[in-house]
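A look at the structure
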Amino acid sequence: VKLKIDDPLDAFAVHGACGFWGVFAVGIFCRPEYAYNNFAAHGFVYPGSNPSLIGVQIVTLLIEIVWVSVTSSLMFFGLKMAGVLRVPPEVEEAGMD
């Protein structure tokens, strides 16, 4: 509400937050037999874990955040400049359905 973000379908909660947790959880809970990498790195909740997997997951999340931020900003800026980002206020007030 403070940022004036309209997300009636909860797209961020479903795709952003749950996707973030899914990537991060691999670094925590990945079982050794499913860790297909050259370093034998698996989730740090298992004994003998190599902490590099959680590091890789965090770096991946940071890269994804930057990618999504840049591409979304470019798309929304272009839509705003074209004047098609939002419907007119009278249509919004009447309801689109």
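Summary of the structure given here. Throughout, residues of each chain are indexed from 1 in the direction in which the sequence is written. Totals for whole chains, interfaces and linings use all residues, but because this is a predicted model, local features are given only for residues with pLDDT of at least 70 and pairs of side-chain atoms are given and counted only at 80 or more. Only hydrogens and water are removed before side-chain values are computed, so all heavy atoms of the structure are retained for them.

Comments concerning the layout of surface pockets
Going by this rule: A cavity here means a set of points on a 1 Å grid, drawn over the protein atoms and nothing else, where a 1.4 Å probe fits but cannot get out; a pocket is an open set with protein on both sides within 12 Å along at least five of seven lines, and a residue lines either one if it has an atom within 4 Å of a point. Grid points are joined across faces, edges and corners, and a volume is the space filled by probe spheres set on the points. Ten residue types, Ala, Val, Leu, Ile, Met, Phe, Trp, Tyr, Cys and Pro, are classed as nonpolar, four, Asp, Glu, Lys and Arg, as charged, and the remainder, Gly among them, as polar.
Quantified by volume, the largest pocket comes out at close to 1,200 Å³. Considering the residues around the largest pocket, the lining is formed by 26 residues, among which Ile5, Asp6, Asp7, Phe12 and Phe76 are closest to the centre. Counted by class, the lining of the largest pocket contains 14 nonpolar, six polar and six charged residues.

Focus on the environment of Gly27
Where we set the bar: Helix numbers and strand numbers start at the N terminus; a helix is a DSSP run of H or I with at least 4 residues, a strand a run of E with at least 2. Whether two residues are in contact is decided by their heavy atoms: any pair within 4.5 Å suffices.
Along the chain, the position of Gly27 falls in helix H1 (residues 11-29). Along the primary structure Gly27 and Gln57 are separated by 30 residues, whereas in three dimensions their C-alpha atoms are 5.9 Å apart. Gly27 has contacts with His42, Gly43, Phe44, Leu53, Ile54 and Gln57, leaving out every residue within four places of it along the chain.

Some thoughts on the pattern of salt bridges
The condition is simple: The term salt bridge refers to a side-chain nitrogen of Lys or Arg lying within 4 Å of a carboxyl oxygen of Asp or Glu. Think of it in three bands: residues with accessible area under 20% of the maximum for their type are buried, residues over 50% are exposed, and the middle band is partly exposed, with areas taken using a 1.4 Å probe on protein chains only.
Counted according to the given criterion, the structure contains two salt bridges. Residue Arg31 pairs with Glu33 through a salt bridge whose shortest N-O separation is 2.6 Å. Relative accessible area serves as the criterion here: at 42%, Glu33 is assigned to the partly exposed category.

Section: the packing of aromatic side chains
Selection criterion: Within 6.5 Å between ring centres, the rings of Phe, Tyr and Trp (the latter by its six-membered ring) count as paired, and their orientation is classed by plane angle as stacked under 30 degrees, edge-to-face over 60, tilted in between.
Enumeration according to the criterion identifies three aromatic pairs in this entry. Judged by centre distance (6.5 Å) and plane angle (20°), the ring pair of Phe20 and Phe24 falls under stacked. With Phe20 and Phe24 both in helix H1 and four residues apart, the pair spans about one turn of that helix. Assessed through its relative accessible area of 38%, Phe20 is described here as partly exposed. Given the relative accessible area of 24%, Phe24 is considered partly exposed. A ring pair is formed by Trp21 and Phe24, whose centres lie 6.3 Å apart and whose planes are at 50°; its orientation type is tilted. On the criterion of helical spacing, the pair formed by Trp21 and Phe24 is a turn pair, its members being three residues apart in helix H1. Using a relative accessible area of 47% as the deciding quantity, one classes Trp21 as partly exposed.

Spatial relationships are all this shows, so hold off on functional conclusions.
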